[in-house]
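Summary of structural features
The chain contents come next:
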Protein chains: 2
Amino acid sequence: MKIKQDIKVAIDAVVFGYESKNSLSVLLIKRGIEPFKDEWALPGGLVLNDESLEDAVERELKEETGVTIDYLEQLYTFGSPNRDPRNRVLAVSYFGLVKPNHFKIKADTDAVDVQWFHLSELPKLAFDHQQILDMAHKRLKAKLSYEPIGFDLLNDEFPFSDLENLYMTILEKEIDRRNFRKKMLSFGIIEETNKIEKIGSGRPAKLFKFNKKKFQQLIVNDFHFEIKFV
Amino acid sequence: MKIKQDIKVAIDAVVFGYESKNSLSVLLIKRGIEPFKDEWALPGGLVLNDESLEDAVERELKEETGVTIDYLEQLYTFGSPNRDPRNRVLAVSYFGLVKPNHFKIKADTDAVDVQWFHLSELPKLAFDHQQILDMAHKRLKAKLSYEPIGFDLLNDEFPFSDLENLYMTILEKEIDRRNFRKKMLSFGIIEETNKIEKIGSGRPAKLFKFNKKKFQQLIVNDFHFEIKFV
């Protein structure tokens with residue numbers, strides 16, 4: 001029994017950014033086409049016949065938002081037969097992170113507007129995009145404890161307090177700053193630079209850097225990154 | 001610019017079973033059709049227009065192998081444009097577990113044979129199925145430490161030694177049996193039954209049972225299952 005399959009394949013991207021005001025943001029576009037015209041949604045679209053899924057994500061993000069991402073991984077494939085009112089569309093969803101100096105955005109093609117939204121101030125989202133976003137948020141929270149992905153939400157050089165604030169913001173927990181610093185530095189994957197930055201009215205702070213190469217050497221030798229707060 | 005999309009959607013299932021001889025097995029079918037005719041592959045096939053991805057997995061497993069699975073979760077979507085020599089086929093892969101008393105199999109439809117293979121004695125696999133299997137194996141190993149999915153590889157009632165052997169087999173590590181037992185029982189999710197089983201020539205062993213309902217109540221209250229071996 002052979003039936004013509006009529007399922008389209010799209011990608012959707014949940015892109016997170018961390019802003020200096022201790023707030024986690026997500027990148028949304030305002031749809032310029034039906035269905036859900038003029039409503040906010042995750043950036044995304046149909047995959048071209050000859051491009052990989054990851055290339056499709058990067059192309060759609062560039063077209064609709066102008067953003068280039070610093071970290072990308074596949075999240076989950078949403079395949080419920082009725083998730084799109086037009087026809088059946090499978091959404092392979094991705095989860096991306098953007099460093100603050102790559103925050104600049106510009107709407108184009110199917111998007112009439114693009115904006116960073118604080119996670120606490122989200123508009124109603126089109127399709128099942130709220131469900132996709134919730135899953136991505138959960139994944140980000142979990143991963144922060146066992147992979148050093150937080151560095152993809154900070155600029156290459158950062159004051160240590162930024163890293164602390166990032167963890168507290170995303171995990172929604174107070175942390176013991178002294179233990180956190182001790183633990184983080186004990187891994188040997190963060191380096192002091194010889195640069196200093198004056199933040200606001202506070203005293204100047206040393207800038208730090210994540211040594212990705214060192215981290216990749218360590219994991220080959222069974223190193224486990226783990227940050228836990230009781 | 002609108003181009004007709006020409007991508008098909010399939011599911012593939014990596015189904016693991018744990019046999020009494022301390023060996024982890026995977027369910028493979030011998031393909032009855034081209035491409036890769038007469039070669040071994042993961043069970044799977046195209047998704048029907050009106051069925052969910054999970055329903056497609058269960059249908060294909062039933063059709064090709066006769067197996068009903070006890071645990072199922074989505075693994076990863078493989079979408080490289082050239083993974084199928086015919087045309088572009090996206091594979092949404094799933095990861096399933098089967099209890100020993102559901103091991104009975106029977107090949108049909110696109111499969112001319114079906115067999116449980118020990119992971120240490122795998123044949124060469126069709127398509128990119130070895131890559132999919134490797135990812136599933138890695139996921140199973142990781143999950144065993146932070147989710148009680150091992151119970152879906154044992155019958156409902158089991159001697160405690162089976163649970164120990166399962167962990168040692170899958171994690172490929174010796175464990176301290178006394179600490180393991182203490183830790184496992186401390187969660188309060190395993191119950192003694194009043195049944196006793198005589199295994200081989202050894203002395204009769206008490207049978208235990210996983211209390212799934214209790215576990216589900218506990219996780220609502222932020223309970224974390226965690227089994228680690230240093």
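The paragraphs below set out a description of the structure included in this document.

Conventions used here
- Throughout this description, residue numbers start from 1 for each chain and increase along the sequence as written.
- Each chain gets a letter, beginning with A, and each ligand a number, beginning with 1, in the order they are written.
- In keeping with the model being predicted, local features are shown solely for residues with a pLDDT of at least 70 and side-chain atom pairs are shown and tallied solely at 80 or more, while totals for entire chains, interfaces and linings include all residues.
- Note that water and hydrogens are dropped before the side-chain values are worked out from all heavy atoms of the structure.
- Two strands qualify as a pair provided that DSSP identifies no fewer than 2 bridges between them.
- Strands here are runs of E lasting at least two residues and helices are runs of H or I lasting at least four, both read from the DSSP assignment and numbered beginning at the N terminus.
- Orientation is described by axes fitted as lines to C-alpha atoms, over the contacting stretch for helices, and by angles from 0 to 180 degrees between their N-to-C directions.
- In this comparison the copies share one frame, found by least squares on the C-alpha atoms of residues holding pLDDT of at least 70 in both.
- Between two residues, a contact is recorded if the distance between any of their heavy atoms is within 4.5 Å.
- Here a polar contact means two N or O atoms within 3.5 Å. Within protein one must be a hydrogen donor candidate and the other an acceptor candidate, and residues neighboring in sequence count only if both atoms are side-chain atoms.
- A side-chain nitrogen of Lys or Arg and a carboxyl oxygen of Asp or Glu constitute a salt bridge if their distance falls within 4 Å.
- Between the rings of Phe, Tyr and Trp (Trp by its six-membered ring), a pair exists once the centres lie within 6.5 Å; its type follows the angle of the planes, with under 30 degrees stacked, over 60 edge-to-face, and the other angles tilted.
- When accessible area is computed with a 1.4 Å probe and restricted to protein chains, residues below 20% of their type maximum are described as buried, those above 50% as exposed, and intermediate ones as partly exposed.
- For a lysine, the NZ atom is tested; for an arginine, the CZ atom; a charge sits over a ring if that atom is within 6 Å of the ring centre and within 35 degrees of the ring normal.
- Computed with a 1.4 Å rolling probe, the buried area is the accessible surface lost when two parts are put together, summed over both parts.
- Three residue categories are used. Nonpolar comprises Ala, Val, Leu, Ile, Met, Phe, Trp, Tyr, Cys and Pro, charged comprises Asp, Glu, Lys and Arg, and polar comprises the others, including Gly.

1. With respect to the sheet that holds strand β10 (residues 205–210) of chain B
Residues and elements named next belong to chain B. Read across the open sheet, the 3 strands follow the order β8-β10-β9; overall the sheet is antiparallel. Sheet topology places β8 (157–159) and β9 (190–197) at the edges, where each strand pairs with a single neighbour. Here the average twist between neighbouring strands, direction ignored, is 40 degrees. One ladder, built from 5 bridges, connects β9 with β10; its direction is antiparallel. Counterpart to E191 in the pairing with β10 is K209.

2. Some remarks on the relation of the copies chain A and chain B
Superposing chain A onto chain B takes a rotation of 180 degrees plus a shift of 0.0 Å along the axis, which leaves an RMSD of 0.0 Å. Taken together, these values place the two copies in the relation of a two-fold axis. A shared binding surface is used by both copies, with 100% of the interface residues of chain A retained as interface residues in chain B.

3. Re the sheet that holds strand β10 (residues 205–210) of chain A
Residues and elements named next belong to chain A. The 3 strands lie next to each other as β8-β10-β9, forming an open sheet whose pairing is antiparallel. In this open sheet, the two strands that pair with only one neighbour each are β8 (157–159) and β9 (190–197). Taking each pair of neighbouring strands and ignoring which way they run, the sheet shows an average axis angle of 40 degrees.

4. Structural notes on helix α5 (residues 212–220) of chain B
The backbone nitrogen of K213 of chain B has a side-chain oxygen 3.3 Å away, supplied by the residue at the start of α5 of chain B, namely N211 of chain B. Directly after α5 of chain B, the chain includes D222 of chain B, whose backbone phi takes a positive value near 70 degrees.

5. What to know about the environment of S52 of chain B
The residue S52 of chain B is located in the loop between β4 (44–46) and α1 (53–65) in this model. For the pair S52 of chain B and H224 of chain B, spaced 172 residues apart in sequence, the C-alpha separation works out to 31 Å. In this view, S52 of chain B contacts P81 and R88 of chain A; residues no more than four positions away in its chain are not counted.

6. What about the pattern of salt bridges?
Oppositely charged side chains can pair when the atoms bearing their charge come close. Inspection of the entire model under this criterion finds 28 salt bridges over all chains. We note a salt bridge from E60 of chain A to R59 of chain A, for which the minimum N-O separation is 3.2 Å.

7. Considerations on the packing of aromatic side chains
By the definition in use, this model includes 30 aromatic pairs over all chains. When the centroid spacing of 6.1 Å and the interplanar angle of 65 degrees are considered together, the rings of F160 of chain B and F180 of chain B count as edge-to-face. Residue F160 of chain B is found in helix α3 (residues 160–171), and its partner F180 of chain B is found in helix α4 (residues 177–186); the two are separated by 20 residues along the sequence. Like F160 of chain B, the residue F180 of chain B is buried in the burial classification. Ring-pair connections join several aromatic residues into one group, and the members of that group are F151, F158, F187, F210, F215, F223 and F225 of chain A. Here the guanidinium or amino end of R181 of chain B rests over the ring plane of F160 of chain B, the centre of that ring lying 4.8 Å away.

8. Looking at the interface of chain A and chain B
Tallying the contact residues gives 26 residues for chain A and 26 residues for chain B. Both faces considered, chain A and chain B share a buried interface measuring about 2,200 Å² in area, 46% of it formed by carbon and sulfur atoms. Contact with chain B buries area across many residues of chain A, yet Q5, N49 and Q74 of chain A alone supply 28% of it, more than any other trio. Across the contact surface, chain A and chain B share 0 salt bridges. At the boundary of chain A with chain B, the tally comes to 17 residue pairs in polar contact (both at pLDDT 80 or more). Mapped onto the side of chain A that touches chain B, the elements with two or more residues apiece are β1 (8–19), α1 (53–65), β5 (71–78) and β6 (89–98) of chain A. Sort the elements by how many residues they give to the side of chain A that touches chain B and β5 of chain A lands first, with 3 residues. Of the residues that constitute the side of chain A that touches chain B, the class distribution is 11 nonpolar, 6 polar and 9 charged.

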